[in-house]
Amino acid sequence: QGSMHIHVLGAGAGGGFPQWNCNCQNCDGLRKGTIKATKRTQSSICVSSDGVHWVLFNTSPDVLQQIQDFPPLQPGRAIRDSGISAIILIDAQIDHTTGLLMLREGTQKRELYCTDMVYQDLTTGNPLLKILDHYCGINHHEIPTDGKTSFEIPKIENLTFTPVALKSAAPPYSPHRNNPHPGDTIGMLIEDKKTQKRLFYAPGLGEIEPHLPPLFEKADCIMVDGTFWTNTEMMDMGLMTKKARDIGHNPQSGEGGMIEVLDRYPNAKKVLIHINNTNPILREDSKERQILTDHGIEVAYDGMDIVL
Ligand code: MLT
Ligand code: MN
Ligand code: ZN
């Protein structure tokens, strides 16, 4: 009671690790058992203060497996039941939303918290929420993006949520993919009112804007975008023509990279999440992973538990 429990359901980026069609050194090595690494499902965490009622952050295409692997989310009280009391979406990307279709059963509406931009994307370019109306339906709660407004969620005791707009990227199918709007992607400061412990969570983070350092400063745990090691990782492997920052992911290494940013917060627990399968930090004996360790930065894995 009175402490915040964070459970990592999926620590991988879109595609997961290994990715079904990827033959990169990491994916191939993991399949063959020739590298020191563990598989990761697609990006999601859940948070609770009582261990019974959980907020699901993002709904991964792997959500059914993730629920099977974490008993507190399973039905335990009624014929139809779930430990998931509410769902918060931080963006409308495929890897963060497709699982909503997997959670369509039941007559009770899903309590869904997202920004107006995400709501627009999920009712137009990718009309998932309209499809869900033919199944369980949703209660949409709009997330404000002025950076000042906090909200609470019924049943989620003790926790306060403060969302902030972030520069990342809307999904490829979005009408505003190349015309960013505040609310396409958000980060969230989550505070336990009893203990004043705080988590800052931002699995998609392309740029450290001036409104972010004060939030990092307040956080006991900073859990941020760990997608790529370098800005040109996918380009260098011939897998994409865009750079990491161009698709909304600030890389770890180099000037302005996450390592340099996180070094400014020596007292916080620092965790990277949403790790792409090409990232060398997935190899536990890589020099890149050692650099993170030297900087006090951890790499999230499926099943990781953090109690603040
Ligand atoms: C991203 O964050 O850029 C996504 O993982 C892309 C995707 O889901 O395909
Ligand atoms: Mn993603
Ligand atoms: Zn790969």
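Residues numbered from 1 in each chain as written. Chains lettered and ligands numbered in written order. Predicted model: local features only at pLDDT ≥ 70, side-chain atom pairs only at ≥ 80, totals over all residues. Heavy atoms only, no water.

Our focus in this paragraph is the site of ligand 1. Residues in close proximity to ligand 1 include G14, Q93, D95, H249 and H274, which together make up its full environment. Between ligand 1 and the protein, one listed contact pairs an oxygen atom with a side-chain N or O atom of H249 at 2.9 Å. Side-chain polar atom of H274 to an oxygen atom of ligand 1: 3.2 Å apart, as the coordinates give it. Calculation on ligand 1 without its partners gives an accessible area of 270 Å², and the protein chains cover 69% of this total. Of all the cavities here, the one that holds ligand 1 is the second largest pocket. Of the residues belonging to the shell around ligand 1, the class tally is no nonpolar, four polar and one charged. (Near = heavy atom within 4 Å. Polar contact = N/O pair within 3.5 Å; in protein donor to acceptor, adjacent residues only side chain to side chain. Areas by Shrake-Rupley, 256 points an atom, 1.4 Å probe, with all protein chains shown as cover. 1 Å grid on protein atoms, 1.4 Å probe; cavity = no way out; pocket = protein on both sides within 12 Å on 5 of 7 lines; lining within 4 Å. Sits in = over half its atoms within 2 Å of the grid points. Nonpolar A, V, L, I, M, F, W, Y, C, P; charged D, E, K, R; others polar.)

Turning to unusual backbone geometry, a few remarks are in order. Along the chain, F17 connects to P18 via a cis peptide bond; the corresponding omega equals 0°. Within the fold, P18 resides in the loop between β1 (5-10) and α1 (25-32). At K155, a residue that is not glycine, the phi angle is positive and equals roughly 80°. Considering the arrangement of structural elements, one finds K155 in the loop between β6 (138-142) and β7 (159-165). According to the relative accessible area criterion, K155 is exposed, its value standing at 52%. (Helix = DSSP H or I, 4+ residues; strand = E, 2+ residues; numbered from the N terminus. Buried < 20%, exposed > 50% of the residue type's maximum accessible area, 1.4 Å probe, protein only.)

So, about the side chain of N26. One can find N26 in helix α1. Its relative accessible area of 1% is what places N26 among the buried residues.

Residues F200, F216 and V224 are the most contacted members of the largest nonpolar core, which totals 33 residues. For this core, the secondary-structure elements that each account for two or more residues are α1, β9 (198-202), α7 (213-218), β10 (221-225), α9 (258-262) and β12 (297-299). The leading source of residues in this core is α9, at four residues. Those residues within four positions of F216 in sequence are excluded, and the remaining contacts are F200, L205, I222, V224, V261 and Y265. Counting 31 residues, the second-largest nonpolar core is a separate cluster that includes I90, I190, I306 and L308. (Core = buried A, V, L, I, M, F, W, Y, C linked by side-chain atoms within 4.5 Å. Contact = heavy atoms within 4.5 Å.)

Let us now look at the layout of surface pockets. Of the volumes computed, that of the largest pocket is approximately 870 Å³. Lining the largest pocket are 28 residues, with D81, S82, I84, Q108 and R110 positioned closest to its centre. Counting only elements with at least two residues in the lining of the largest pocket, the list comes to α2 (63-68), β4 (84-88) and β5 (110-114). No other element matches the four residues that β4 contributes to the lining of the largest pocket. (Points joined across faces, edges and corners; volume = space filled by probe spheres on them.)

Taken together, six strands build an open sheet; the order of strands is β7-β8-β9-β10-β11-β12 and the sheet is mixed. Strand pairing shows two members of the sheet lacking a second neighbour, β7 and β12, which therefore form its edges. Averaged over all neighbouring strand pairs, the angle between strand axes comes to 20°, with direction disregarded. Of the pairings in the sheet, the one linking β7 to strand β8 (residues 186-192) comprises seven bridges and is antiparallel in character. Following the sheet pairing, L159 is matched in β8 by D192. (Pairing = 2+ DSSP bridges. Axes fitted to C-alpha atoms, helices over the stretch in contact; angles between N-to-C directions.)

What follows deals with the pattern of salt bridges. Considering all chains together, one arrives at 10 salt bridges under this definition. Put simply, K36 and E284 hold a salt bridge, and the shortest N to O gap is 4.0 Å. Here E284 lies in the loop between β11 (269-273) and α10 (287-294) and K36 lies in the loop between α1 and β2 (44-48), a separation of 248 residues in the sequence. Salt-bridge contacts for K269 lead to E298; the nearest nitrogen and oxygen are separated by 2.8 Å. With K269 in strand β11 and E298 in strand β12, this pair connects stretches of sequence that are 29 residues apart. (Salt bridge = Lys/Arg side-chain N within 4 Å of Asp/Glu carboxyl O.)

Considering all chains together, one arrives at seven aromatic pairs under this definition. Between F151 and F161, the ring centres sit 5.5 Å apart and the planes meet at 20°, which makes this aromatic pair stacked. Placement of F151 in the loop between β6 and β7 and of F161 in strand β7 is noted, with a sequence separation of 10 residues between them. With 5.2 Å between their ring centres and 50° between their planes, F200 and F216 make a pair best called tilted. Note that F200 is positioned in strand β9 and F216 in helix α7, a separation of 16 residues in sequence. (Phe/Tyr/Trp six-rings, centres within 6.5 Å; stacked < 30°, edge-to-face > 60°.)

Here Q74 shows up in the loop between α2 and β4. Exposure remark for Q74: the relative accessible area of 29% places this residue in the partly exposed category. On a C-alpha basis, the gap between Q74 and I84 in space is 8.3 Å, while along the polypeptide they are 10 residues apart. Apart from residues no more than four positions distant in its own chain, Q74 is found in contact with I67, Q68 and G83. Within the structure, Q74 has its side chain in polar contact with the backbone oxygen of I67 (distance 3.0 Å).

Honestly, it's all geometry; don't read function into it.
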